[in-house]
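Descriptive analysis of the structure
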Amino acid sequence: MSHGQWAETLVSHGPSAGALSLPEQVAGTPLPPARASGATEAAPGFLAELGSALPRLGEGLLVTVEATVLGAALALVLSYALGLAAGSSRGLVRGGARVVVEFFRGTSLYVQLFWLFFALPMLGFRLEPLACGVLALGLNFGAYGAEVVRGAVAAVPASQSEAAVALGMRPGLRLRRVVLPQAQALMIAPFKNLLVQLLKATPLLSLVTVPDLTFEIDQLRSATGDTAAAYLLLLAVYGAVAAVLSLLMNALERSAKARLGQGGGA
Amino acid sequence: MWDGDAALTALPVVLKGFGVTLAATVLGFVVAAVLGLVLAVVGRAAPRWVAAPVGGAAAFVRSTPLLVQLFAAWVLIPALDPLALGVLVLGVHYATYLSEVYRTGIDAVPKGQWEACTALSLPRHRTWRAVVLPQAVRNVLPPLGNYAVSLFKETPLLSVITVHEMVHEANTFGSTHFAYLESFTLAAAVFLLASWPTSLLVRRLEARLAH
């Protein structure tokens, strides 16, 4: 397959999330949008085109949000699993968790995503593009999140655990009722940063043929030739979504602190 | 399945790309380190009508995706060569993070140091240059190192604006030899080999500065 334009490479995969097909072997790195972008004579006005493109932009935004939520959910599960394992007193469990964390932190999200999309099919496994994206986001950010969980658990004063031991609580109960509630309040701020980072990594999925917001707005850009307006709109939407996520996480942090009697926090 | 011959052919190609990756990392980080310091000092020392809009713009850059910024810069600044453009966008993006890091470092310089400078009637610029910044920068060396590693791991994005860095080379090799498995696995290994020791070094530096 020849090197098409970045957008054209993706067009064949259809604009809606439901139309995701198996990844066709797309050759080479996708090319960026055309640089000499002077609007073609017949190009319709940006605002007029924006109006008719709104439903598709909505779908793209939905895909972006979907990838963010699913990726974050996977990352959260992995964060807890790896983070708690990394704080384990058993050497083998701790070592195993450390290897996984260092591996996914050390090998660049982009390489992980491209590996899942291009290299995995050569081993006989073929994932849908969106699944590749969610998996790569989840594994990568899960590894970063594991450090957050490990650090937060370690930051809970040892006397809290000791008091729970003195009360005869078993390890599971101790973790669930004493250590984690206090650790969780510490985790929310770093998790907020990771969540915004994850959101900002989702446009990458458009490179592996996922029709997300970036892809849809790029379509709008090539239809109208108004590059500045299209990309400014895209940046503004991402900025707005990031702001909404931050507000939600701030509310979560306040309520977690209030439950611990540390009201008025942050 | 894994093809040893393909991997051997891919290795020099991937390593050649690694040179470009490394250049982009170093240059991008230099831009980020200098511009980040400027942003931090502007945030603390400039009058409000300058500091507020600059801070707002930095927050906006920080909360929007690098890929989109790259595409926007690519189309809007057509005169620049891809590598220079990539270095610039990476540098500006990371500068917005580093300014926050510098800011915490500046806040951590004891108040007495400022007061001593006032007592000695040191001019403002000498207070910053000779007293505050050297202490602030020393405090934040470990987080700066961590951001350098993060920047390194984001350089593959430059492949989308035709910079022939490592992932671009791996991708091209994979498509022409149908050896994605070998080329991308090698690229991942090189990333791991380069970033992991650096992370360890940063962690050691962090431990030493903590004492």
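Residues numbered from 1 in each chain as written. Chains lettered and ligands numbered in written order. Predicted model: local features only at pLDDT ≥ 70, side-chain atom pairs only at ≥ 80, totals over all residues. Heavy atoms only, no water.

1. Observations concerning the overall build of chain A
On a plain count of helices and strands, chain A comes out with nine helices and zero strands. For chain A, the share of sequence-separated contacts (at least 6 apart) that also reach a separation of at least 24 residues comes to 79%. Accessible surface computed for chain A: about 12,000 Å², of which carbon and sulfur atoms make up 66%. (Helix = DSSP H or I, 4+ residues; strand = E, 2+ residues; numbered from the N terminus. Contact = heavy atoms within 4.5 Å. Areas by Shrake-Rupley, 256 points an atom, 1.4 Å probe, with all protein chains shown as cover.)

2. Topic: helix α3 (residues 91–106) of chain A
A rise of 1.5 Å per residue sets the reference length of α3(A), with its 16 residues, at 22 Å; its end C-alpha atoms lie 22 Å apart and thus fit the reference within 8%. Among the residues making up α3(A), those that are buried are A:Ala97, A:Val101, A:Glu102, A:Phe104, A:Arg105 and A:Gly106. Next to the buried residues of α3(A) lie α2 (46–86), α4 (109–119) and α5 (129–155) of chain A together with α7 (141–154) and α9 (180–210) of chain B. A:Ser108 sits one or two residues past α3(A) and shows a positive phi near 50 degrees. (Expected span 1.5 Å × (residues − 1). Buried < 20%, exposed > 50% of the residue type's maximum accessible area, 1.4 Å probe, protein only.)

3. Notes on the interface of chain B and chain A
It is common to report an interface's size as the accessible area lost on association of the parts. In this complex, chain B contributes 45 residues to the contact, which on the side of chain A involves 45 residues. For the pair chain B and chain A, the summed buried surface comes to about 4,000 Å²; carbon and sulfur atoms form 70% of the total. Linking chain B to chain A there are one salt bridge. A salt bridge links B:Arg203 to A:Glu102, with the nearest nitrogen and oxygen atoms 3.2 Å apart. Linking chain B with chain A are twelve residue pairs in polar contact (both at pLDDT 80 or more), by the criterion used here. The set of elements that each furnish at least two residues to the side of chain B that touches chain A consists of α2 (48–62), α3 (66–76), α4 (82–107), α7, α8 (166–177) and α9 of chain B. A total of eleven residues in the side of chain B that touches chain A trace back to one element, the largest contributor, which is α9(B). (Buried area = accessible area lost by both parts, 1.4 Å probe. Salt bridge = Lys/Arg side-chain N within 4 Å of Asp/Glu carboxyl O. Polar contact = N/O pair within 3.5 Å; in protein donor to acceptor, adjacent residues only side chain to side chain.)

4. Observations regarding the pattern of salt bridges
For the structure shown, the criterion picks out twelve salt bridges over all chains. Close ionic contact of A:Glu253 with A:Lys257 constitutes a salt bridge, the shortest N to O distance being 3.6 Å. Of the two residues, A:Glu253 and A:Lys257 are both situated in helix α9 (residues 227–259); the distance of four residues between them amounts to about one turn of the helix. Given a relative accessible area of 9%, A:Glu253 falls into the buried group. Each of A:Arg98, A:Glu102, A:Glu147, A:Arg150 and B:Arg203 takes part in a single network of salt bridges with overlapping partners.

5. Considering a nonpolar patch on the surface
Residue and element names in this part refer to chain B. On the surface, Leu22, Val26, Val30, Val34, Leu35, Val38, Leu76, Ile77, Leu80, Leu88 and Val92 cluster together into a nonpolar patch covering about 830 Å² of accessible area. Mapped by element, the contributors of at least two residues to the nonpolar patch are α1 (4–45) and α4. Per-element tally for the nonpolar patch: the top contributor is α1, with six residues. Topologically, leucine 88 is positioned in helix α4. (Patch = residues over 30% accessible without salt bridge, like charges linked within 9 Å, V, L, I, M, F, W, Y side chains within 5 Å.)

6. Let's talk about the packing of aromatic side chains
All names here are of chain B. Considering all chains together, one arrives at 14 aromatic pairs over all chains under this definition. When the ring of phenylalanine 152 is compared with that of phenylalanine 191, the centres are 4.8 Å apart and the planes differ by 40 degrees; the resulting orientation is tilted. Of this pair, phenylalanine 152 sits in helix α7 while phenylalanine 191 is found in helix α9, placing the two residues 39 residues apart along the sequence. Phenylalanine 152 gets classed as buried once you look at its relative accessible area, which sits at 5%. A relative accessible area of 0% places phenylalanine 191 in the buried class. (Phe/Tyr/Trp six-rings, centres within 6.5 Å; stacked < 30°, edge-to-face > 60°.)

7. Overview of the nonpolar core
General note: in soluble globular proteins, nonpolar side chains tend to be found buried as a group. In this structure, A:Leu113, A:Phe114, A:Phe141, A:Met187, B:Ile106 and B:Phe184 are the most contacted members of the largest nonpolar core, which totals 113 residues. The biggest single contributor to this core is helix α7 (residues 171–201) of chain A, with 13 residues. Once residues lying within four places of it in the same chain are set aside, the contact partners of A:Phe114 are A:Ala119, A:Leu207, A:Val208, B:Val167 and B:Phe184. Membership of the second largest hydrophobic core comes to eight residues, among which are A:Leu82, A:Val101, A:Phe104 and A:Ala143. (Core = buried A, V, L, I, M, F, W, Y, C linked by side-chain atoms within 4.5 Å.)

8. Section: unusual backbone geometry
For B:Ser121, which is not glycine, the phi torsion reads 45 degrees and is therefore positive. Relative to the assigned elements, B:Ser121 resides in the loop between α5 (111–119) and α6 (124–139).

9. Topic: the side chain of A:Asp212
All names here are of chain A. Here aspartate 212 lies in the loop between α7 and α8 (213–224). Put simply, aspartate 212 is tucked away with no salt bridge, and the nearest opposite charge, on arginine 56, sits 11 Å away. In contact with aspartate 212, other than residues within four places in its own chain, are Gly60, Val63, Thr64, Thr202, Pro203, Ser206 and Tyr238. (Lys, Arg positive; Asp, Glu negative; His and termini not counted.)

10. Examining α8(B)
Three- or four-residue spacings in an α-helix give side chains the same orientation, since the helix completes a turn every 3.6 residues. Look at α8(B): 16 Å from first C-alpha to last across twelve residues, which is about the 16 Å you get at 1.5 Å a residue. If you follow the buried residues of α8(B), they end up packed against α4 of chain A together with α1 and α9 of chain B. Two or three places before B:Val167, at the start of α8(B), stands the capping residue B:Glu165, its side-chain oxygen 3.0 Å from that residue's backbone nitrogen. Just beyond α8(B), the residue with positive phi is B:Phe178, at close to 50 degrees.

11. A short note on the confidence of the model for chain A
Residues and elements named next belong to chain A. Averaged over every residue, the pLDDT of chain A is 84; residues scoring 70 or more account for 83%. Taken element by element, chain A is modelled with least confidence in helix α1 (residues 6–11), mean pLDDT 40, and with most confidence in α5, mean pLDDT 95. For the stretch residues 1–28, pLDDT sits under 50, and the model shows 72 contacts to residues farther than four places along the chain or on other chains. (pLDDT = per-residue confidence, 0-100.)

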